[in-house]
Amino acid sequence: MVPQNSFQTRATLTAAGRRFEYFGLPALERIGYPGVARLPYSLKILLENLLRREDGRFVDRDDIEALARWDVTSRTAREIAFMPARVLLQDFTGVPAVVDLAAMRDGVIRLGGDPKKVNPLQPVELVIDHSVQVDHFAERNALELNAGLEFSRNRERYTFLRWGQTAFDNFKVVPPDTGIVHQVNLEYLARVIFSEATSDGTLAYPDTLVGTDSHTTMVNGLGVVGWGVGGIEAEAAMLGQPISMLIPDVVGFRLTNRLPEGATATDLVLTITERLRKLGVVGKFVEFYGPGLEFLTIADRATLGNMSPEYGATIAICPIDDMTLDYLRLTARNEDHVKLVEAYAKEQGLFRTATSVDPVYTQSIELDLNTVEPSIAGPKRPQDRVPLKQSKVRFQQALEVMLAERKAKPTKEKPGETTKPEETAPVAAAVAAATATAEADVPGMEGLDHGAVVVAAITSCTNTSNPSVMIGAGLLARNATRLGLKTKPWVKPSLAPGSKVVTDYLGAAGLLEPLAELGFNLVGYGCTTCIGNSGPLPEPVSSIVKDKNLVVASVLSGNRNFEGRIQSQVRANYLASPPLVVAYALAGRMQVDLTCDPLGTGTDGAPVYLRDIWPSEREIQETMLGAVKREMFRDTYAHVFDGDDRWRSLEIPAGERFNWDEQSTYIRNPPFFEGLTLEPTPPTDIHGARVLALLGDSVTTDHISPAGSIPPESPAGQYLIARGVQPRDFNSYGARRGNHEVMMRGTFANIRLRNQLAPGTEGGWTALLPSDEVTTIYDASVVYRNAGVPLIVIAGKEYGSGSSRDWAAKGTLLLGVRAVLAESFERIHRSNLVNMGVLPLEFKNGQNVASLRLTGRESFDVVGMSASLTPGGEVIVRATAADGSVKELTATARIDTPEELVAYRNGGILPYVLRKLVS
C-alpha cells in the first residue's frame, strides 16, 4: 500500500548514520493543527498510524483531521481504523488461531479462491508458554520432569505449530520452556520503533501490536501501544483487516513521590487496580505521567501495564524516556536501533523528559506513591485489594461467607446422572481411578484446616519480569533459611520464571539455592499456576481437603485469581508479590497478620517475624546491580527460536494445506466455514428462544470457557473417554482449544459457575425448558438444537471480564446461542461475540433481571436484528411467561462501529474476511 499522504507529512530523519523516512506529527502542527502537540502519547501513536495508512478506503483525510483536531474532553464518538504492526500469540489462543487459518485455506478453495492468500501480512510471533504444568515440585529435577510431561501431552499440538511455521509466511514460534509470552515480548520481541524497507527507502514507525492474551498490555511499560484481542480479531489483523475502533477516552494517572521502604511494584499495581476499577475505565486508555515516573523502572511500569485488564482499561501506557533507552541497552538490543528509537521519539514529540508539558486528558486521577502499603488481593477478584495489616480479619470474613454459601447449597453438587448409558462403565471406572484417595493420616498435616495455604506460586509475567521483586523473594528466602524457617508441609511451592534470564541472575546472586531449600525449585518457564496449570495437590493434602470439605487458599504472584481458575480444590485465591508468596508459604495459613504475628520459630527457639527477614530496598538494589547483566539477555535470546532436542526432533508435515486427522482429539477442522456461500445470509429476528444460562455479575471468560483441568464426569471428559483417552492424559481445556468438540462441551462448564436456572447447583448445569429437567448445559443445547429452538444467555454486570478467551465466544455460538443480554460487557468479550455473529445486548435505564422480575423460564423474542439494525441501535425483547403474560423491554445492541456491523451481518469476522479474500 502506498499512503496517499494528503497532508504532506512524509519527511526524513537520520539516526546512527542511516536515513529513515517517517510520517511527521510536527508537520501537522505547522499546517494548522496545534492541538497535536498536547495530544496524549497514545493518541499520537494512533494519529501516526492513520497518516501512514491513509488509503482512501479504511483511512481517509477526514479520519486524520478528526483525530488531529480531537478534543479529548469531548464525548463525540468517532470511528477510526487501526492497523497494528505485528500480532503476538500464545499457544492456548494461538493454536486455535492457526487452526482457523488452516480451515480458511480449505474454505477459500471451496469458494474458488487461492489458498495462498490466507497468509499473515505482517510479523506474527507465537510463544509457547501456557502448556507446562506443575506436576513435579520441590525436586531438583522438577524442570526436566515437567518439560518431559509437557512434550508427551502436547506433541500433536507442537507438531501442528511446526507445520504452521513452514506453511505460513511471517510466522515464527518461540519453542516451549523458553519463557512467558509477555516477558519474552518485553525483553526481546518488542521493537519500540519499527524499521521497514520499502521501495522509497527505509520507513520508521512506532511498534504497535495486538495479542491474543489480555496481558499483551505489559509491553505498554516500554512505551509500545498494544492490547489484547480475541483470536478471531487477531486472525483478521493478520490477514490485513484493520481493527475498527472508536477514538478512546484517555485517563491520565499522575504519579508523585516514590514508593516507601517495604512497598513493591506489586503493591502499587494492586492499589491502582482498586482505584481504576472504582473509577471505571473499561474501554478507555490510561496513561501514566508525573514526577513519580522518574522512580519507576521499566519493569515496574510493565507491571502496571500488565494488569490493565484487571482494571478494565484497553491499555495502560508510559511514554518513551531515558529509562526506556537504558532498558533497551540492558536487554542487549542493538545500539544502532536504540539510537533510532531515541531520534524518532524525540523528532515526533513522543519522548518524555522531566520538563515535558503534560498532555491534555479526558480526565485525570492522582496517586502519591509514598502512600502505597503492602497488600494482597482476593479471594476471588484482582481488584479486591486487602491491606496486609487487615488480611487476617478480612480472610476470616471471606471464609464465613464461603462457608455460609456452601451450607446454603445441597451437599451434592451434581444433580442426577446425565451420562449416556453406553459410556457409564468407562466413565465410572475413570472417575473412581481419578478420585481415589490416599491415607489422610500423614505426619505434619495436623495444621491443615480452613484457611491453609496449599499453593504458593512465584509465577506469571506480572512479577517474574521484575528483578526487584524476584531478588526480594530470593533474599527473603535466604534470610528465612538462615534462621531455620521451613515451608509448611501442606504447601505446594513452585518457581516458574518468565524467562531464563531470571534464573541466570538469581543464580548469580546465590539465591536459587535458598529458594530451593524452601521448596521453590524451578518447575518450568511458563504461566503455570496463574493460568490454572498448578497441577494436582499432593495426594495426602488433596484427601484431607476433600474429606474435611475444607476452604483452602492459594497465594500467587500472578494477575488472575478468579473462581475455579487456580486449582479445582482451592476456593480462596490471593495475588501477592513474590516475597509475600514466600512469606505465606512459611506461615502456611491465611489466618495470620504478617505485620505483627510470627511466621514461625527459628532454630534458637525464638519467634521469627516478617520484619526480621524482609530485605531492605538498598540490599535489593545492590544485589540487582551486581547480578543482572546485559550478557544474560544477549545469551538467552541469541538462539531463541531454535528450541531443544525435543522440539527440533518433531516431524513437520508437508504442504500448504493441513491434513486433518478425524481421529485426533487435539486438532480438528472447525465448523465455522461449513456451508459458506459467497453472499452472506443476513441475520433474522429471534423467535421462541429459551434461556440456556441465567447468570449473575462478574461472570468471567474463565466461567464461560475454563482453561484448567477437565473433570472426567463432565461432557468434555466423557467425550475424551469415549475416544480412548484416559483422565491422566486429558491435559487441560486450554491445551485442547484446537478441538471444537472438546471446547463446545466445555463452554459454561467451569466448576464454580452458578446458573440460576438450576438453583442449588455449581458447575455446568441448567434446566431444560419447559420441563425443568436439570441436565448439563451441553446436553441441553443438543436437545434444543434438535428441536430447532434458538438460545439466549442472560447475565448481570461485567459479563465476560477476564482473559481474552476467544472460545468463550466460539463455544457460545456452537451451543446455539444467538444473543447475550447483560447489564454490561467487558471490552474484549463483547467484541468477540460480535465477531462470531452472536449479538450482545445491554439492558437500558438501569433495568435488570430483578427489576423486570424475569425468571429465565420465559420464551423470548428479539425483534429488530435485520436490516434496520445500526451500531448502538435498539432492539425489542419480549419475554412470554408460561401463563401467556408478556414483558417487553428495549435493549441496546452493543455493536459499536459500522465495521462491526458488517462483520456481524456476514456471520462473523472470519466469514467476512474469507469472502473478501475470494472476491
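Residues numbered from 1 in each chain as written. Predicted model: local features only at pLDDT ≥ 70, side-chain atom pairs only at ≥ 80, totals over all residues. Heavy atoms only, no water.

**Q** Would you mind showing me how to read the overall build of the chain here?
**A** Across its full length, the chain holds 33 helices and 32 strands. By the compact-globule yardstick of 29 Å for 919 residues, the chain fits well, its C-alpha radius of gyration being 27 Å. In terms of overall dimensions, the chain has a C-alpha envelope of 80 × 70 × 55 Å along the principal axes. Every one of the 919 residues in the chain was classed for burial, and the buried ones make up 63%. Of all intrachain contacts in the chain linking residues separated by at least 6 positions in sequence, the fraction that spans at least 24 positions is 78%. Just so you have it, the chain exposes about 31,700 Å², and 50% of that area is on carbon and sulfur atoms. Treating the 94 positive side-chain charges of the chain as one cloud and the 108 negative ones as another, the clouds have centres 1 Å apart. (Helix = DSSP H or I, 4+ residues; strand = E, 2+ residues; numbered from the N terminus. Rg over C-alpha atoms; globule rule 2.2 N^0.38 Å. Buried < 20%, exposed > 50% of the residue type's maximum accessible area, 1.4 Å probe, protein only. Contact = heavy atoms within 4.5 Å. Areas by Shrake-Rupley, 256 points an atom, 1.4 Å probe, with all protein chains shown as cover. Lys, Arg positive; Asp, Glu negative; His and termini not counted. Charge placed at Lys NZ, Arg CZ, Asp CG, Glu CD.)

**Q** Please explain the pairing of strand S30 (residues 859-863) as it appears in this structure.
**A** Along a regular strand, successive side chains alternate from one face of the sheet to the other. Across 2 bridges, strand S24 (residues 686-694) lies against S30 in antiparallel orientation. Note that in S30 the partner of Ile 686 across the bridge is Val 862. Sheet topology note: the S30/strand S31 (residues 874-880) ladder contains 5 bridges and is antiparallel. Paired with Phe 860 across the bridge in S31 is Ala 879. (Pairing = 2+ DSSP bridges.)

**Q** What am I meant to see in the side chain of Asn 49 here?
**A** Among the secondary structure elements, Asn 49 is positioned in helix H2 (residues 41-53). Excluding its chain neighbours within four sequence positions, the residues that come into contact with Asn 49 are Ala 81, Phe 82, Met 83 and Thr 208.

**Q** For this particular structure, what's the right way to read the packing of aromatic side chains?
**A** Working definition: an aromatic ring pair is given by the centre-to-centre distance plus the angle between the planes. Evaluated as defined, the whole model comprises 19 aromatic pairs. Where Phe 151 meets Tyr 158, the ring centres are 5.3 Å apart and the plane angle is 75°; that geometry is what we call edge-to-face. Classification of Tyr 158 by relative accessible area gives buried; the value is 0%. Arranged with centres 5.7 Å apart and planes meeting at 25°, the rings of Phe 160 and Trp 163 form a pair that is stacked. In this pair, Phe 160 and Trp 163 are both assigned in helix H5 (residues 142-167), 3 residues apart and thus about one turn of the helix distant. Residue class for Phe 160 comes out buried when judged on its relative accessible area of 1%. Relative accessible area serves as the criterion here: at 0%, Trp 163 is assigned to the buried category. One aromatic cluster in this structure is built from Phe 160, Trp 163, Phe 168, Phe 658 and Trp 660. The lysine or arginine in question, Lys 346, covers the ring of Phe 351, its NZ or CZ lying 4.9 Å from the ring centre. Directly above the ring of Tyr 666 sits Arg 736, whose terminal nitrogen or CZ lies 3.8 Å from the centroid. (Phe/Tyr/Trp six-rings, centres within 6.5 Å; stacked < 30°, edge-to-face > 60°. Lys NZ or Arg CZ within 6 Å of the ring centre and 35° of its normal.)

**Q** I'm lost on the sheet that holds S24 in this one. Help?
**A** In any sheet, the strands associate via hydrogen bonds between backbone groups, in a parallel or an antiparallel arrangement. Strand order in the closed barrel formed by 7 strands is S24-S27-S28-S29-S32-S31-S30, with mixed pairing between adjacent strands. Across the sheet, the axes of successive neighbouring strands diverge by a mean angle of 35°, strand direction being ignored. Bridging between strand S28 (residues 817-822) and strand S29 (residues 839-843) involves 4 bridges; their strand directions are parallel. The residue of S29 that forms the bridge with Leu 821 is Leu 841. (Axes fitted to C-alpha atoms, helices over the stretch in contact; angles between N-to-C directions.)

**Q** Would you explain the packing of helix H17 (residues 500-508) against helix H23 (residues 630-637) in this entry?
**A** Packed helix pairs are specified by the crossing angle of their axes together with the interaxial distance, meaning the distance between the axes. Where H17 meets H23, the axes come as close as 9 Å, and the angle between the chain directions of the two elements is 140°. On the basis of the axis angle, H17 is oblique to H23. Seen along the crossing, H17 lies across H23 with a hand that is right-handed. Along its contact with H17, which presents Lys 500, Val 501, Asp 504, Tyr 505 and Ala 508, the element H23 presents Met 632, Phe 633, Thr 636 and Tyr 637. (Parallel < 35°, antiparallel > 145°, perpendicular 65-115°, else oblique. Left-handed = near helix turned anticlockwise from the far one by under 90°.)

**Q** What exactly am I supposed to notice about unusual backbone geometry here?
**A** One can expect most non-glycine residues to show negative phi and most peptide bonds to be in trans. Omega for the peptide link from Gly 378 to Pro 379 comes to 10°, which places this bond in the cis form. Look at the link from Leu 769 to Pro 770: it is a cis peptide, with omega at 5°. By the secondary structure assignment, Pro 770 is in the loop between strand S25 (765-768) and strand S26 (773-776). Residues other than glycine seldom take positive phi values, yet Ser 698 does so here, at roughly 55°.

**Q** Mind showing me how you'd approach the pattern of salt bridges here?
**A** Between side chains of opposite charge, a pair can form as their charged atoms come close. By the definition in use, this model includes 53 salt bridges. Here Asp 645 ties to Arg 648 by a salt bridge, and the two come within 2.5 Å at their closest N and O atoms. With Asp 645 and Arg 648 both in helix H24 (residues 645-648), this residue pair falls 3 residues apart, about one helical turn. Residue classification places Asp 645 among the exposed positions, given a relative accessible area of 57%. Taking relative accessible area as the criterion, Arg 648 reaches 46% and is therefore assigned partly exposed. A salt bridge links Asp 702 to Arg 805, with the nearest nitrogen and oxygen atoms 3.3 Å apart. Of this pair, Asp 702 sits in helix H25 (residues 701-704) while Arg 805 sits in the loop between strand S27 (791-794) and helix H29 (806-814), placing them 103 residues apart in sequence. Take Asp 702: its relative accessible area is 2%, and that puts it in the buried class. Each of Lys 380, Glu 405, Glu 563, Arg 571, Arg 752, Arg 754 and Glu 762 takes part in one network of salt bridges that share partners. (Salt bridge = Lys/Arg side-chain N within 4 Å of Asp/Glu carboxyl O.)

**Q** Would you take a moment to explain the environment of Val 59 for this structure?
**A** As for its position among the elements, Val 59 is in the loop between H2 and helix H3 (61-68). Judged by its relative accessible area of 2%, Val 59 falls in the buried class. Through-space distance from the C-alpha of Val 59 to that of Leu 720 is 48 Å; in sequence the pair is 661 residues apart. Those residues in contact with Val 59, other than ones at most four positions away along the chain, are Leu 50, Arg 53, Glu 54, Ile 64 and Ala 81.

**Q** Hey, could you run me through the environment of Val 793 in this one?
**A** The residue Val 793 is located in strand S27 in this model. Separated by 217 residues in sequence, Val 793 and Ala 576 place their C-alpha atoms 34 Å apart. Excluding anything up to four places from it in sequence, Val 793 contacts Ala 693, Leu 695, Phe 748, Tyr 799, Val 817, Ala 819, Val 820 and Leu 821.

**Q** It is not clear to me how the nonpolar core should be interpreted in this structure. Could you clarify?
**A** In a soluble, globular protein the nonpolar side chains are often hidden away together inside. The biggest cluster of nonpolar side chains holds 300 residues, and the ones touching the most others in it are Phe 288 and Tyr 799. Of the residues forming this core, the biggest block, 10 residues, is contributed by helix H4 (residues 91-110). Those residues within four positions of Phe 288 in sequence are excluded, and the remaining contacts are Phe 253, Leu 255, Ile 272, Leu 293, Leu 304, Tyr 311, Ala 316, Ile 317, Cys 318 and Pro 319. Core analysis: the second largest hydrophobic core is formed by 5 residues, Val 134, Phe 137, Ala 142 and Val 523 among them. (Core = buried A, V, L, I, M, F, W, Y, C linked by side-chain atoms within 4.5 Å.)

**Q** I'm lost on helix H28 (residues 777-786) in this one. Help?
**A** Residues lying three or four places apart along an α-helix face the same way, a consequence of the helix completing one turn every 3.6 residues. Those residues of H28 that sit buried are Ile 777, Tyr 778, Asp 779, Ala 780, Ser 781 and Tyr 784. Next to the buried residues of H28 lie S24, helix H26 (715-722), helix H27 (740-746), S25, S26 and S27. Looking one or two residues beyond H28, the residue adopting positive phi is Gly 788, at roughly 75°.

Worth remembering: the numbers are spatial, not functional.
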